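Breakdown of the fold
Spelled out, the chains give:
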Amino acid sequence: MCRVLEVSTAGFFAYLKRPESWRAVIDDVLMAHIRIAFAESSETYGAPRVFQELREAGAGGLPISRDGVGSRLASLRRLGDAEHHGSGARGQRAAHGA
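Right, let's walk through the structure included here. Quick caveat: nothing in here was measured; it's all calculated off a predicted structure. Counting starts from 1 at the beginning of each chain's written sequence and moves along it residue by residue. Confidence filtering applies because this is a predicted model: local features only for residues at pLDDT of at least 70, side-chain atom pairs given and counted only at 80 or more, and all residues used for totals across whole chains, interfaces and linings. In computing side-chain values, all of the structure's heavy atoms are included and hydrogens and water are not.

Ring pairs shown here join Phe, Tyr and Trp side chains whose ring centres sit within 6.5 Å, with only the six-membered ring taken for Trp; geometry is labelled stacked below 30 degrees between planes, edge-to-face above 60, and tilted in between. The full count for this structure, using the stated rule, is one aromatic pair. Relative to Phe13, the ring of Phe12 lies with its centre 5.4 Å away and its plane at 80°, an arrangement referred to as edge-to-face. Classification of residues uses two cut-offs on accessible area relative to the type maximum, computed with a 1.4 Å probe and protein chains only: under 20% is buried, over 50% is exposed, and between them is partly exposed. For Phe12, a relative accessible area of 17% puts it in the buried group. By relative accessible area, Phe13 is classed as partly exposed at 45%.

Below, the structure is given as C-alpha cells:
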C-alpha cells in the first residue's frame, strides 16, 4: 500500500497512530448536532432553519456558520439519499419502467 500511495512505511504508520485533529473532532460534534436538528424537524428543515436552531440552542459553544451548516447538511442529505434510494434516480426510473 505504501508503494501505491508513494509514502514511506514509517510515515504511513506514524499517520495511523496520530490522533484526530482538533478540527476533525469539532466537525464530528457539529455534524452530530446537525443530524439531531435535522431529524427533529422530520428532515424538512433546510440549512437556514437548522443554522437558526443550532444558534438558538447554543450549538455546544461550537463555531458555526450558515454556509458550514449548509455544506454539512447537503452531505448528510446525499448520504441519506444513497441509503434510502439505492442506485439513485436513474435506477428508480429504470425500475419503474420510465
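A word on the nonpolar core. Nonpolar cores are built from buried Ala, Val, Leu, Ile, Met, Phe, Trp, Tyr and Cys residues. Side-chain atoms within 4.5 Å join them into one set. Among the nonpolar cores identified, the biggest contains 15 residues, and Leu30, Ile34, Val50, Leu54, Val69, Leu73 and Leu76 are the most heavily contacted of them. Every element with two or more residues in this core is listed here: helix H3 (22-40), helix H4 (47-57) and helix H5 (66-85). Take this core: its biggest share by element is six residues, from H3. Contacts are assigned to residue pairs with any non-hydrogen atoms lying within 4.5 Å of each other. Those residues in contact with Ile34 that lie beyond four places of it in its chain are Val50, Leu54, Val69, Arg72, Leu73 and Leu76. Starting at the N terminus, helices and strands are each numbered in turn, a helix being any DSSP run of H or I of at least four residues and a strand any DSSP run of E of at least two.

Note on definitions: salt bridges are taken to be side-chain nitrogens of Lys or Arg within 4 Å of carboxyl oxygens of Asp or Glu. Following the criterion strictly, the structure yields three salt bridges and no others. Between Arg72 and Asp27 there is a salt bridge; the shortest N-O distance is 2.7 Å. Of this pair, Arg72 sits in helix H5 while Asp27 is found in helix H3, placing the two residues 45 residues apart along the sequence. Owing to a relative accessible area of 17%, Arg72 belongs among the buried residues under this scheme. A network of salt bridges, in which partner residues are shared, links Arg23, Asp27 and Arg72.

A separate point is H3. Given a helix with a known number of residues, its expected span is that number minus one, times 1.5 Å. Compared with an ideal rise of 1.5 Å per residue, which puts 19 residues at 27 Å, H3 spans 27 Å between its outermost C-alpha atoms and is within 8% of the ideal. All of the buried residues along H3 are Ile26, Leu30, Met31, Ile34, Ala37 and Phe38. Each buried residue of H3 sits inside an arc of 135° when the element is viewed along its axis, so together they form one side. Once H3 ends, the next one or two residues include Ser42, with phi positive near 60°. Read the arc as the range of directions from the helix axis to the C-beta atoms.

Here we take up the side chain of Arg72. Counted as a polar contact is a pair of N or O atoms within 3.5 Å, where, for protein atoms, one must be capable of donating a hydrogen and the other of accepting one, and residues adjacent in sequence contribute only when both atoms are in side chains. Here the side chain of Arg72 touches Asp27 through a polar contact of 2.7 Å, side chain to side chain. Apart from the residues within four sequence positions on either side, Arg72 is in contact with Arg23, Asp27, Leu30, Met31 and Ile34.

Once that is clear, we can look at the environment of Met1. Inspection of the secondary structure assignment puts Met1 in the segment before helix H1 (2-5). Each C-alpha atom of the pair Met1 and Phe12 lies 9.2 Å from the other, and the pair is eleven residues apart in sequence.

Together, Met1, Leu5 and Val7 line one region of the surface with nonpolar side chains, adding up to about 310 Å² of accessible area. Judged by relative accessible area, Met1 falls into the exposed class, the value being 68%. A patch is a set of surface residues, each over 30% in relative accessible area and not in a salt bridge, joined within 9 Å for like charges and within 5 Å for the nonpolar side chains Val, Leu, Ile, Met, Phe, Trp and Tyr. Computed with a 1.4 Å probe, the accessible areas rest on the Shrake-Rupley method; for each residue, only the protein chains presented here act as cover.

The phi angle at Glu6 is positive, at roughly 55°, despite the residue not being glycine. Owing to a relative accessible area of 72%, Glu6 belongs among the exposed residues under this scheme. One non-glycine residue, Glu43, lies in the positive phi region at around 60°. Turning to its location among the elements, Glu43 is positioned in the loop between H3 and H4.

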